[in-house]
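Residues per chain are reported as follows:
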Amino acid sequence: MDQRDGASLASCGITHGDIVQNAYGYGLFTGGLGLTMARKRWGPRWWRFSGGNTERQIMLMKDFKVTAICCTPSYFIHLLERAGELGVDVRELPLRAGVFGAEP
């Protein structure tokens, strides 16, 4: 692995200074592990939270001041909706980039 491994993340605007929340699962689907390996030597601070437990995901976004998130598009929409129900205005978080995939 080398610096090029982070190219797909960099193309989404993620830099060494970002705090990335990886909300892809770490089961048989390779999204969680694949992204973790891609950034291993590349640089941003990386939190592997896996999928699910939406309230915890929102709390961690706030507490860790997450600037980028990786998850499926539908799960991000769910996160936004649930955050609203909990009274969390996601626009007030430092979140500025997202890598969304693994769905048709």
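To be clear, the structure that these remarks concern was listed above.
The model shown is predicted, which means the values in this text are computed figures rather than measured ones.

**Student:** Which residues make up the state of the cysteines, and what values do they have?
**Tutor:** Using the criterion set out here, one finds zero disulfides in the structure. The thiol of Cys12 is not disulfide-bonded; the next cysteine sulfur, from Cys70, is found 7.8 Å away. Residue classification places Cys12 among the partly exposed positions, given a relative accessible area of 35%. As a non-bridged cysteine, Cys70 has Cys71 as the owner of its nearest cysteine sulfur, 7.7 Å distant. For Cys70, a relative accessible area of 0% puts it in the buried group.

**Student:** Lay out unusual backbone geometry in plain terms, naming residues and giving numbers.
**Tutor:** Despite not being glycine, Lys65 has its phi angle at roughly 55 degrees, a positive value. Locating Lys65 in the fold gives a position in the loop between α3 (54-63) and β3 (68-71).

**Student:** Quick rundown of the nonpolar core? Include the residues and the values.
**Tutor:** Counting 15 residues, the largest nonpolar core has Ile58, Met61, Ile69, Cys71, Phe76, Leu79 and Leu95 as its most contacted members. When contributions to this core are tallied by element, the ones reaching two or more residues are α3, β3 and α4 (73-85). For this core, the element with the most residues is α4, which contributes four residues. Setting aside residues up to four positions removed in sequence, Leu95 forms contacts with Met61, Val66, Thr67, Ala68, Ile69, Phe76 and Val90. Among the nonpolar cores identified, the runner-up in size contains eight residues, and Leu9, Ile14, Val20 and Ala97 belong to it.

**Student:** Give a detailed account of α3, specifying residues and quantitative values.
**Tutor:** Three or more residues of α3 are buried, namely Thr54, Gln57, Ile58, Leu60 and Met61. Angular distribution of buried residues about the axis of α3 spans 160 degrees; they occupy a single face of the element. Buried residues along α3 sit against β1 (19-22), β3 and α4. Backbone geometry just downstream of α3 places Lys65 in the positive-phi region, at approximately 55 degrees.

**Student:** So what's going on with the pairing of β3? Which residues, and what values?
**Tutor:** Alternating positions in β3 separate into two faces, Ala68 and Cys70 on one and Ile69 and Cys71 on the other, with burial throughout. For β3 and strand β4 (residues 97-100), the ladder comprises four bridges, and the chain directions are parallel. When the bridges of β4 are listed, Cys71 appears paired with Phe100. Where the polypeptide runs from β3 across α4 and back to β4, its parallel neighbour, the crossover connection is right-handed.

Rules and cut-offs
- Residues numbered from 1 in each chain as written.
- Predicted model: local features only at pLDDT ≥ 70, side-chain atom pairs only at ≥ 80, totals over all residues.
- Heavy atoms only, no water.
- Disulfide = S-S within 2.5 Å.
- Buried < 20%, exposed > 50% of the residue type's maximum accessible area, 1.4 Å probe, protein only.
- Helix = DSSP H or I, 4+ residues; strand = E, 2+ residues; numbered from the N terminus.
- Core = buried A, V, L, I, M, F, W, Y, C linked by side-chain atoms within 4.5 Å.
- Contact = heavy atoms within 4.5 Å.
- Arc of directions from axis to C-beta.
- Pairing = 2+ DSSP bridges.
- Right-handed = clockwise from strand over helix to strand, strands pointing away.

On their own, these measurements won't tell you what the molecule is for.
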